[in-house]
Amino acid sequence: MQMKNKLIISRRAAIITGLSAAMGTILTNSCTKPLPPTYGNILRMGDVFTYEAQRALLDVKALAKEYNFSDISSFPATGSINPSDASLPGFNVDYELLHRNQFVNWKLPIEGCVARPGKYSMDDIKKFKSRTQITRHTCEEGWSAIAEWTGTPLGLLLHHAGIQAKARFVNFISYDNYNISIDMFDAFHPQTILAYGMNGRNLPIQHGAPIRARIETQIGGQSVKYIKKIVVTDHFVDTGDNGWAWYMGI
Amino acid sequence: MALTPRNEIKTYHSTWVKIAHWIGTCSFFFLIFSGFEILMVHPRLYWGETGNDLMPAFLEFPISRNYQHGGWTSLEPIFNRPNSPMSAGRTYSIFNENGWGRSLHFLAAWFLVFSGLFYLILAIFTGHIKNNLIPKFNELTLELIIKDIKDHLKASLAYLQGPQYGLLQKISYLVVIFILLPTIVLTGLTMSPAITASHPYLLTLFFGAQSARTIHFFAASSLFIFLIVHVWMIIKSGFKKQMLAMTIKNNADEK
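Everything quoted here is computed from the prediction, not taken from an experiment.

### Thoughts on the environment of Val 170 of chain A
Residue and element names in this part refer to chain A.
Part 1 of the argument: For Val 170, the position within the fold is in strand S6 (residues 169-174).
Part 2 of the argument: The buried category is assigned to Val 170, whose relative accessible area is 0%.
Part 3 of the argument: Sequence spacing of Val 170 and Asp 234 is 64 residues, and the spatial spacing of their C-alpha atoms is 9.0 Å.
Part 4 of the argument: Among residues more than four places away in sequence, those in contact with Val 170 are Leu 154, Leu 158, Ile 180, Ser 181, Ile 182, Met 184, Ala 187, Ile 230, Val 231 and Val 232.

Written as structure tokens, this is what we have:
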């Protein structure tokens, strides 16, 4: 009887210790590192807590589920669907010019905390080892779709540009004026690619030509289309409170 | 009545039950509110891994202007074969307040999870589940179940002090605590790309990401129905007494 009692107490102690350890890790991380702004907003504080909890409790290298070719589904294009069409939101003159020349003049600048900032043409990007993955796009709206994506792992390009040890965020700036930033875990995640191919063809305009990001560990809206520039920073670039969480792992 | 039998001693709810109850109630209110907003953005449910506007829905709700909206560029087949999946671009400006809707949903969910764990740990170690919630063996007869159903259908319901729960009450609380709440939390987590990368079995358990969303909706609806019946029974058995028992009254007052 005494043995049994002892066992119960130690199990209780184990549960409590485990929970407090997890909570402790999350809270200490939040206190020691400067985090993206909360704007004094309780919702954004909740988002930061969710981010820290996911980073503390999940395997950051785990791969998102990959599907079979037969699982490829219909795929709506949402947000901007053509920045070269002046009648649509997200119109951009520079993009229209590039589109008119089949993107031959398109180059991707990688700047910031890198030893060798430079501009990468489509040929340069395609010289790296490519990755093809059939993954599920999960939109914050509530729908999902499966497609095959082919592209260059972002990690390879960042290494090539000589990413510095102090780098903390990778910022994507798009032609349709969209800013997204991700941390180093997602930037170097093996499935985070700059995709130029979709379902065995060149990436269509509607889905972000010539290159879009695929960040399979976050909600679809983070997979920026029509990428214009990549800037690596050692601090969070505050583009203002746009009303959305900056991290969308859930 | 010189001696009060043990089981008739007045007991109100423990303080920790009250705390978990009200934090859970508040978070549930915010979760239903933000969850409804999120459903308004895409008022369609599907079964399996995928589902979107270009695919047939399992259920659709006319609850926002996004219901069966038009405004799509022409459908283009993805492959050069019959029955190919399609692609189309959206030109319609949808209703979307998910910026605060999602953040509020997840913030409230943290409160539900923490108050739920707090409740569960204490309910297990204080014997609350074993002593007050799991029906006694001799309670589980068809006769008593029928009697309890009949009692609930009467105009007024006997007021039971604190955790001296009735049979149907025990069963419904156990369903909420051990089936509906764990299901709603786990299906919610199954919709997360980061969590399913680390825990892919969640997708298997709930038959895919869209199935998880559909199950999440039905679990939320069941909890909402529970809430309505729960409040109705509180009113039937004496709203004021019940509210006092769940707030300021405690066992020490009786001594």
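Picking up after the structure, the text goes on.
### Quick look at the packing of aromatic side chains
All names here are of chain A.
Part 1 of the argument: Under the defined criterion, the tally for this structure stands at 24 aromatic pairs over all chains.
Part 2 of the argument: Their ring planes at 75° and their centres at 5.5 Å tell us that Phe 169 and Phe 236 sit as a pair that is edge-to-face. Taken together, the residues Phe 169 in strand S6 and Phe 236 in the segment after strand S11 (227-233) connect sequence positions 67 residues apart.
Part 3 of the argument: Looking at Phe 169, the relative accessible area reads 3%, which means it is buried.
Part 4 of the argument: These aromatic residues form a ring-pair network of at least three members: Tyr 51, Phe 169, Phe 236, Trp 246 and Tyr 247.

### Regarding the interface of chain B and chain A
Part 1 of the argument: The interface of chain B with chain A comprises 52 residues on the first partner and 56 residues on the second.
Part 2 of the argument: Surface buried jointly by chain B and chain A totals about 4,300 Å² across both partners, of which 61% is contributed by carbon and sulfur atoms.
Part 3 of the argument: Taken together, chain B and chain A are joined by three salt bridges.
Part 4 of the argument: Of the charged contacts, one joins Arg 136 of chain A and Glu 49 of chain B as a salt bridge, the two residues approaching to 3.3 Å between their closest N and O atoms.
Part 5 of the argument: Across the chain B-chain A interface, the total number found is 30 residue pairs in polar contact (both at pLDDT 80 or more).

### Some thoughts on the pattern of salt bridges
Part 1 of the argument: According to the stated counting rule, one finds 17 salt bridges over all chains in the structure shown.
Part 2 of the argument: For Arg 44 of chain B, the salt bridge goes to Glu 60 of chain B, with nearest N and O atoms at 2.9 Å. Here Arg 44 of chain B is found in strand S1 (residues 44-45), whereas its partner Glu 60 of chain B is found in strand S2 (residues 59-60), with 16 residues between them in sequence.
Part 3 of the argument: The exposure class of Glu 60 of chain B is partly exposed, given its relative accessible area of 28%.
Part 4 of the argument: Residues joined in a network through salt bridges with shared partners are Arg 44, Asp 47 and Asp 241 of chain A.

### Comments concerning the pairing of S6 of chain A
Strand residues, when the strand is regular, have side chains that alternate between the two faces of the sheet.
Residues and elements named next belong to chain A.
Part 1 of the argument: Most of S6 is tucked away, with five of its six residues classed as buried.
Part 2 of the argument: The sheet contact formed by S6 and strand S7 (residues 179-183) spans five bridges and is antiparallel. Residue pairing in the sheet places Asn 171 in a bridge with Ser 181 of S7.
Part 3 of the argument: Between S6 and S7, which pair antiparallel one after the other, the connecting turn spans four residues, and Asn 177 there sits at a positive phi close to 65°.

### Notes on the packing of helix H1 (residues 15-41) of chain B against helix H8 (residues 209-236) of chain B
Residue and element names in this part refer to chain B.
Part 1 of the argument: For the pair H1 and H8, the least separation of the axes is 11 Å and the interaxial angle reads 130°. Regarding the angle of H1 to H8, the classification is oblique. By crossing handedness, the relation of H1 to H8 is classed as left-handed. Contacts between H1 and H8 involve His 21, Phe 28, Ile 32 and Leu 39 on the former and, on the latter, Arg 213, Phe 217, Ala 220, Leu 223, Phe 224, Leu 227 and His 230.
Part 2 of the argument: Its residues assigned to classes, the contact of H1 with H8 comprises eight nonpolar, two polar and one charged.

### Focus on the nonpolar core
Part 1 of the argument: Of all hydrophobic cores here, the largest spans 36 residues; its most connected members are Trp 106, Leu 154, Val 170, Phe 172, Leu 194, Ile 227 and Ile 230 of chain A.
Part 2 of the argument: In this structure Trp 106 of chain A touches Leu 98, Tyr 120, Ser 121, Met 122, Ile 125, Tyr 175, Pro 210, Ile 211 and Ile 227 of chain A, once residues within four positions along its chain are discounted.
Part 3 of the argument: Ranked by size, the runner-up nonpolar core spans 13 residues in total, among them Tyr 247 and Ile 250 of chain A together with Leu 202 and Phe 206 of chain B.

### Some details on unusual backbone geometry
Part 1 of the argument: The linkage connecting Ala 209 of chain A with the following residue, Pro 210 of chain A, adopts the cis geometry, with an omega of 0°.
Part 2 of the argument: Following the sequence through the fold, Pro 210 of chain A ends up in the loop between strand S9 (201-202) and strand S10 (212-214).
Part 3 of the argument: Its identity is not glycine, yet Phe 207 of chain B carries a phi of approximately 65°, on the positive side.
Part 4 of the argument: Tracing the chain through its elements places Phe 207 of chain B in the loop between helix H7 (201-205) and H8.
Part 5 of the argument: Relative accessible area serves as the criterion here: at 52%, Phe 207 of chain B is assigned to the exposed category.

Reading the values: the criteria
Residues numbered from 1 in each chain as written. Chains lettered and ligands numbered in written order. Predicted model: local features only at pLDDT ≥ 70, side-chain atom pairs only at ≥ 80, totals over all residues. Heavy atoms only, no water. Helix = DSSP H or I, 4+ residues; strand = E, 2+ residues; numbered from the N terminus. Buried < 20%, exposed > 50% of the residue type's maximum accessible area, 1.4 Å probe, protein only. Contact = heavy atoms within 4.5 Å. Phe/Tyr/Trp six-rings, centres within 6.5 Å; stacked < 30°, edge-to-face > 60°. Buried area = accessible area lost by both parts, 1.4 Å probe. Salt bridge = Lys/Arg side-chain N within 4 Å of Asp/Glu carboxyl O. Polar contact = N/O pair within 3.5 Å; in protein donor to acceptor, adjacent residues only side chain to side chain. Pairing = 2+ DSSP bridges. Axes fitted to C-alpha atoms, helices over the stretch in contact; angles between N-to-C directions. Parallel < 35°, antiparallel > 145°, perpendicular 65-115°, else oblique. Left-handed = near helix turned anticlockwise from the far one by under 90°. Nonpolar A, V, L, I, M, F, W, Y, C, P; charged D, E, K, R; others polar. Core = buried A, V, L, I, M, F, W, Y, C linked by side-chain atoms within 4.5 Å.

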